[in-house]
Amino acid sequence: MSTPSAMVEARGIHKSFGSLDVLKGVDLDVRAGEVTVVLGPSGSGKSTLLRTLNHLEKVDSGSVRVNGELVGYRRSGNKLYELRERDILKQRTKIGFVFQNFHLFPHLTVLENLVEAPVAALRRPKKDAVAGARALLDRVGLADKADAYPRTLSGGQQQRVAIARALALEPELLLFDEPTSALDPELVGEVLDVIKDLAHRGTTMIVVTHEIGFAREVADTVVFMDGGRIVEQGPPGQVLDHPRHERTKSFLSKVL
Amino acid sequence: MSSVDPVSATLDAPAPSAAAPPGTSRPAAPRIVPRRRTGQWASAVAVLALLVPAAVSVVRNDAFQWDVVADYFLTDAVLRGLGLTLWLTVLVMALGFALGTLLATMRLSANPVLRGVSWGYVWLFRSMPVLVQLLFWFNIGALYPTILGVRTVDLLDPVAIAVIGLTLHEAAYAAEVVRGGILSVEKGQLEAAQSLGLGAWRRLRRIVLPQAMRAIVPPAGNMLIGTLKGTSIVSVIAVQDLLYSVQLVYHRTYQVIPLLLVATLWYVVVTSVLSAGQYLVERHYARGAAGAR
Ligand SMILES: Nc1ncnc2c1ncn2[C@@H]1O[C@H](COP(=O)(O)OP(=O)(O)O)[C@@H](O)[C@H]1O
Ligand SMILES: [Mg+2]
């Protein structure tokens, strides 16, 4: 069933918090170089799904493969053994994560934020990491902010730094959890522009967002989630303009 | 307000302005007069009226024997005592916070045994008066006459006992201060570090602790000053710290008050230096934070 070029293969993901079933069997395929936009009402499990993809959240059952490699576990016979922390961290360096609230390190300068992981996690020489970081800052239009502390930047600038920080590890896959939801409306565009640029460069991405216009413009696949399940998915023209399910229709009528 | 000063005169005069239509004179902007702080002045005078006579009496009263204070302030014995007090303070603080940080990370770990041990430690050593603890270690030879084949009294001299006792006490408080600091760091910081593949030790040292320091430094500064003075308790087990050194002198000369003043003045001097240091450290760890600089 999985095509050879499927970069992300999530199978039968179940996750509950106490008695609350948040993910009730989610299957998701993302092909290399494609952009998948995940839509859905608040509380439908979008963030939880995204977090299981890099093992920030442990699944109760199911499996996630990225580039064919099981995330967070090692299979032996019919059992999945959780990996050692060190191996999980190594997998995470290949999966970039961009948070709704940026989570930049406030006590480090913008440049230090970008240099930290390549040096510490990939053991890159400091000089190379700094050069790479400066190039990335240039790409997101913040070359002049290298020595600023995050708190002195606008929300849009902070999120662009956070994207650059994720890119500094040269990940195979980028996950965005509502990257523009914490921003003032006039700052949304500059962040979406950076993400669009990544899309045009063929970066594989999964983006949780409420920006329908963005989904229409960049997504190869739109996934609609509700109640811990994927209700429907397909190309944006189909899901956004001709939704088949009532719940998709009513959600779209609210956000459009 | 009878005389008009030149500055306000020019301010009050309607300046000829290109923007103002000819013929209309703009009303002068009202001047701002600060509220009179009568209450502040009155309370300041009242406090000084009490303080000044007290200060005068301290200086005039010959029983304070300031000349004796001056004689002993820089003697070798006193300076050696001061040196030991400072050395004890630094050592106890460093060891106490090292152990305290370990206890705090144990308490916050996922391992229930480590959590329980850490909790039990803090419970025990916060319950025990430090004086009782020192006396206990001082008499440990009664419980364990030899340790690994060495006579306990040879192994543990009073200074070693002072370091052990004070450190164990300090660590219990440091553990709580560090734990509070770590908990004050937003959870998202840890998740961001994890998603970037940073290992546990790196996350703690590079991401969590530097941010926790903002919450740790003020109470730690308090503890440092408390420890400085708290070390004076070791005089009961005959460790020659600052207090014990002046005690040795006044037991010989009976000049109790001036020699206690010698010790007090030194404690004040060192505390003042430490307070200034705390300010600098706080400023360092506030970098990047809202309102810093
Ligand atoms: N760590 C957690 N503990 C308990 N409940 C959680 C936790 N994380 C998420 N939830 C709950 O799971 C549900 C789905 O959350 P989430 O995945 O964040 O939804 P979405 O991102 O679609 O808004 C919500 O009801 C939320 O309260
Ligand atoms: Mg969410």
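This write-up is about the structure you can find in this document. (Residues numbered from 1 in each chain as written. Chains lettered and ligands numbered in written order. Predicted model: local features only at pLDDT ≥ 70, side-chain atom pairs only at ≥ 80, totals over all residues. Heavy atoms only, no water.)

Regarding the overall build of chain B
For chain B, the helix and strand inventory stands at 13 helices and 2 strands. In terms of overall size, chain B is more extended than a compact globule, its C-alpha atoms giving a radius of gyration of 29 Å where 293 residues would be expected to give roughly 19 Å. With the C-alpha coordinates aligned to their principal axes, the bounding extent of chain B is approximately 105 × 70 × 30 Å. When each of the 293 residues of chain B is scored for burial, the buried share is 35%. Restricting the contact set of chain B to residue pairs at least 6 apart, pairs at least 24 apart contribute 73%. Counting only carbon and sulfur atoms, one obtains 67% of the accessible surface of chain B, whose full area is about 17700 Å². For chain B, the separation between the mean place of its 23 positive charges and that of its 14 negative charges on side chains is 13 Å. (Helix = DSSP H or I, 4+ residues; strand = E, 2+ residues; numbered from the N terminus. Rg over C-alpha atoms; globule rule 2.2 N^0.38 Å. Buried < 20%, exposed > 50% of the residue type's maximum accessible area, 1.4 Å probe, protein only. Contact = heavy atoms within 4.5 Å. Areas by Shrake-Rupley, 256 points an atom, 1.4 Å probe, with all protein chains shown as cover. Lys, Arg positive; Asp, Glu negative; His and termini not counted. Charge placed at Lys NZ, Arg CZ, Asp CG, Glu CD.)

A short note on the interface of chain B and chain A
With 23 residues of chain B at the contact, the number on the chain A side is 24 residues. Both faces combined, the contact of chain B with chain A buries some 2100 Å², and carbon together with sulfur accounts for 58% of it. Linking chain B with chain A are 4 salt bridges, by the criterion used here. As a salt-bridge pair, E85(A) and R203(B) come within 3.1 Å of each other at their nearest N and O atoms. Summed over the shared surface of chain B and chain A, the result is 6 residue pairs in polar contact (both at pLDDT 80 or more). Mapped by element, the contributors of at least two residues to the side of chain B that touches chain A are helix 10 (187–195) and helix 11 (200–230) of chain B. (Buried area = accessible area lost by both parts, 1.4 Å probe. Salt bridge = Lys/Arg side-chain N within 4 Å of Asp/Glu carboxyl O. Polar contact = N/O pair within 3.5 Å; in protein donor to acceptor, adjacent residues only side chain to side chain.)

Some remarks on the site of ligand 1
Residues and elements named next belong to chain A. In the neighbourhood of ligand 1, the contacting residues comprise F17, L20, V22, P41, S42, G43, S44, G45, K46, S47 and T48. Here G43 contributes a backbone N or O atom positioned 2.7 Å from an oxygen atom of ligand 1. Residue K46 places a side-chain N or O atom 2.9 Å away from an oxygen atom belonging to ligand 1. When isolated, ligand 1 has an accessible area of 560 Å², and the protein chains bury 59% of it. Going through the elements one at a time, strand 2 (20–31) and helix 1 (46–53) are the ones with two or more residues in the shell around ligand 1. A total of 3 residues in the shell around ligand 1 trace back to one element, the largest contributor, which is helix 1. Considering only residue class, the shell around ligand 1 consists of 4 nonpolar, 6 polar and 1 charged. (Near = heavy atom within 4 Å. Nonpolar A, V, L, I, M, F, W, Y, C, P; charged D, E, K, R; others polar.)

Looking at the sheet that holds strand 11 (residues 221–226) of chain A
Residues and elements named next belong to chain A. The 6 strands are arranged 8-9-10-3-11-12 in an open sheet whose pairing can be described as mixed. Every interior strand has two partners, whereas the edge strands, strand 8 (95–98) and strand 12 (229–234), have only one. Pairwise comparison of adjacent strand axes, ignoring direction, gives a mean angle of 15° for this sheet. Sitting on the sheet, helix 9 (residues 246–255) touches strand 3 (35–39), strand 11 and strand 12, and the angle it makes with strand 11 is about 100°. (Pairing = 2+ DSSP bridges. Axes fitted to C-alpha atoms, helices over the stretch in contact; angles between N-to-C directions.)

With respect to the nonpolar core
In this structure, V37(A), L39(A), I163(A), F176(A), I195(A) and M205(A) are the most contacted members of the largest nonpolar core, which totals 51 residues. Among the elements that take part in this core, helix 6 (residues 185–200) of chain A stands out by supplying 8 residues, more than any other. With near-sequence residues (within four places) excluded, V37(A) lies in contact with V207(A), T209(A), F214(A), A215(A), A219(A), T221(A), V222(A) and V223(A). Counting 39 residues, the second-largest nonpolar core is a separate cluster that includes V30(A), L175(A), I230(A) and L196(B). (Core = buried A, V, L, I, M, F, W, Y, C linked by side-chain atoms within 4.5 Å.)

Remarks on the pattern of salt bridges
A full pass over the atoms with the stated rule returns 22 salt bridges over all chains. In this structure, D241(A) engages R216(A) in a salt bridge whose closest nitrogen and oxygen atoms are separated by 2.7 Å. Taken together, the residues span a long stretch of sequence, with D241(A) in helix 8 (residues 236–241) and R216(A) in helix 7 (residues 212–218) at a distance of 25 residues. D241(A) sits in the partly exposed class, given a relative accessible area of 41%. Residue R216(A) is classed as partly exposed on the basis of its relative accessible area of 39%. Taken together, the shared-partner salt bridges connect R51(A), E57(A), K187(B) and E191(B) into one network.

Focus: helix 10 of chain B
Residues and elements named next belong to chain B. Of all 9 residues that make up helix 10, 7 are buried, and the element is covered over most of its length. For helix 10, the set of buried residues is G188, Q189, E191, A192, A193, Q194 and S195. Of the residues flanking the end of helix 10, it is G197, one or two places downstream, whose phi is positive at about 80°.

Here we look at the sheet that holds strand 2 of chain A
Residue and element names in this part refer to chain A. Taken in spatial order, the 4 strands of this open sheet run 2-1-4-5, and their pairing is antiparallel. Sheet topology places strand 2 and strand 5 (69–70) at the edges, where each strand pairs with a single neighbour. Inspection of the sheet shows strand 1 (residues 6–17) paired to strand 2 by 9 bridges, in the antiparallel sense. When the sheet's bridge partners are listed, A6 is paired in strand 2 with R31. The strands touched by helix 1 are strand 1, strand 2 and strand 4 (61–66); relative to strand 2, the strand with the most contacts, the crossing angle is about 60°.

Brief notes about a nonpolar patch on the surface
Residues and elements named next belong to chain B. Among the surface-exposed residues, V47, L48, L51, V52 and V56 lie close enough to one another that they form a single nonpolar patch of about 430 Å² accessible area. Mapped onto the fold, V52 is located in helix 2 (residues 38–60). A relative accessible area of 48% places V52 in the partly exposed class. (Patch = residues over 30% accessible without salt bridge, like charges linked within 9 Å, V, L, I, M, F, W, Y side chains within 5 Å.)

Structural notes on helix 6 of chain A
Residues and elements named next belong to chain A. When the terminal C-alpha atoms of helix 6 are compared, their 24 Å separation across 16 residues agrees well with the 22 Å that a helix rising 1.5 Å per residue should span. Where helix 6 is concerned, the buried positions are L187, V188, V191, L192, V194, I195, K196, L198 and A199. Residues of helix 6 that are buried make contact with strand 3, helix 4 (126–139), helix 5 (155–167), strand 9 (173–177), strand 10 (204–208) and helix 7. Following helix 6 by one or two positions, G202 adopts a phi angle in the positive range, close to 85°. (Expected span 1.5 Å × (residues − 1).)

Regarding unusual backbone geometry
Although it is not a glycine, F102(A) sits at a positive phi angle of roughly 65°. Inspection of the secondary structure puts F102(A) in the loop between strand 8 and helix 3 (110–120).

As for the packing of helix 3 of chain A against helix 5 of chain A
Residues and elements named next belong to chain A. Two numbers describe how helix 3 lies on helix 5: the axes approach to 8 Å, and their chain directions differ by 25°. On the basis of their axis angle, the class for helix 3 and helix 5 is roughly parallel. In this structure, helix 3 crosses over helix 5, and the sense of that crossing is right-handed. Here V110, N113 and L114 of helix 3 lie close against helix 5, whose contacting residues are V161, A164 and R165. Here the residues of the contact of helix 3 with helix 5 are counted per class, giving 4 nonpolar, 1 polar and 1 charged. (Parallel < 35°, antiparallel > 145°, perpendicular 65-115°, else oblique. Left-handed = near helix turned anticlockwise from the far one by under 90°.)

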